[in-house]
Amino acid sequence: MKRRLFLKTCGAALSLYHLPLLAQQGGSRDPRFVWVLLRGALDGMSALVPRGDVNYARRRQQLTIEQPIALTADWGLHPELKNFAAWFAAGELSAWSAVASPYRERSHFDGQNLLENGSLAPYGARDGWLNRALALQAGSLRGLAVGPTIPLALQGDVQVESWSPSVLPAPDMAVYDRLADLYAGDAHLADRLYKLVQTREQVMDMDMGESGRANALQAFQ
């Protein structure tokens with residue numbers, strides 16, 4: 001799955017995680033929390049450009065971003081990050097530069113483990129910090145991993161769900177209707193199917209009106 005597709009999917013899947021602190025501060029806003037870990041690499045000074053630094057162009061040379069989107073007198077964003085600039089202007093985005101974890105060794109994988117388990121060591125915890133955050137809410141919140149597997153950050157005692165876009169054509173609702181009939185006598189399978197349809201509704205554009213969505217979900221209630 002390409003990173004750009006993944007980020008677009010995350011933008012469509014803003015129901016990943018809910019945290020109470022955001023709910024308290026959000027007022028009437030939708031208190032959804034999305035955490036994205038880029039497992040490849042990101043050139044921080046190309047994304048968040050220190051345009052006020054007199055040494056920037058001299059040190060970066062061919063890597064210099066010539067016309068960043070101005071955020072402040074000293075900082076700018078890569079020209080492709082227009083949406084991020086709009087969020088910053090609306091007070092909905094903060095950015096930090098030169099921030100690092102306490103890990104100082106050379107293993108890329110150990111560094112990722114530390115970020116996901118939320119401890120001070122790569123193997124300091126067997127579960128993830130997001131799963132522990134969900135556990136504190138006594139089952140009132142829902143966790144969803146966008147990807148073929150559940151990352152360490154969401155692994156733990158709290159049951160979470162996962163979703164990944166398929167390369168196969170999306171089935172029409174008649175398939176789900178037939179599955180609903182087939183699973184009618186099995187409470188476990190019927191519940192899993194209903195949750196699958198709910199998740200599909202949240203993370204995919206089904207290109208149907210509100211009445212169509214209501215009718216689709218009604219078949220599984």
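Residues numbered from 1 in each chain as written. Predicted model: local features only at pLDDT ≥ 70, side-chain atom pairs only at ≥ 80, totals over all residues. Heavy atoms only, no water.

Draft legend 1. Highlighting the pattern of salt bridges. Applying the stated rule across the entire model yields four salt bridges. The closest approach of N and O atoms between D43 and R60, which form a salt bridge, is 2.5 Å. Taken together, the residues span a long stretch of sequence, with D43 in the loop between β2 (32-33) and α3 (44-47) and R60 in helix α4 (residues 56-60) at a distance of 17 residues. R142 is paired through a salt bridge with E161; the nearest N and O atoms lie 3.3 Å apart. Here R142 is found in the loop between α7 (129-135) and β6 (144-146), whereas its partner E161 is found in strand β7 (residues 161-163), with 19 residues between them in sequence. (Salt bridge = Lys/Arg side-chain N within 4 Å of Asp/Glu carboxyl O. Helix = DSSP H or I, 4+ residues; strand = E, 2+ residues; numbered from the N terminus.)

Draft legend 2. Representation of the sheet that holds strand β3 (residues 48-49) within the structure. On the basis of which strands lie adjacent, the open sheet formed by three strands has the order β3-β5-β4 and antiparallel pairing. On the outer flanks of this sheet lie β3 and β4 (69-70), each paired with one strand and no other. Bridge count for β3 against strand β5 (residues 76-77) is two bridges, and the pairing is antiparallel. If you follow L48 over to β5, its bridge partner there is L77. (Pairing = 2+ DSSP bridges.)

Draft legend 3. Local environment of the side chain of E161. You can call E161 buried: its relative accessible area is 13%. For E161, the side chain forms a polar contact with the side chain of R142, separated by 3.3 Å. Ignoring anything within four residues of it in the chain, the contact list for E161 reads R142, G143, L144, A145, K195 and T199. (Buried < 20%, exposed > 50% of the residue type's maximum accessible area, 1.4 Å probe, protein only. Polar contact = N/O pair within 3.5 Å; in protein donor to acceptor, adjacent residues only side chain to side chain. Contact = heavy atoms within 4.5 Å.)

Draft legend 4. Representation of the nonpolar core in the model. Judged by nonpolar contacts, L130, L134, A145, A153, L154 and V160 together constitute the single largest core of six residues. In this structure, M173, A180, L193 and V197 belong to the second largest nonpolar core, which totals five residues. (Core = buried A, V, L, I, M, F, W, Y, C linked by side-chain atoms within 4.5 Å.)

Draft legend 5. Fine view of the packing of aromatic side chains. This model, assessed by the stated rule, comprises three aromatic pairs. Their ring planes at 70 degrees and their centres at 6.4 Å tell us that F33 and W129 sit as a pair that is edge-to-face. Residue F33 is located in strand β2, and its partner W129 is located in helix α7; the two are separated by 96 residues in the primary sequence. The exposure class assigned to W129 is partly exposed, which follows from its relative accessible area of 25%. (Phe/Tyr/Trp six-rings, centres within 6.5 Å; stacked < 30°, edge-to-face > 60°.)

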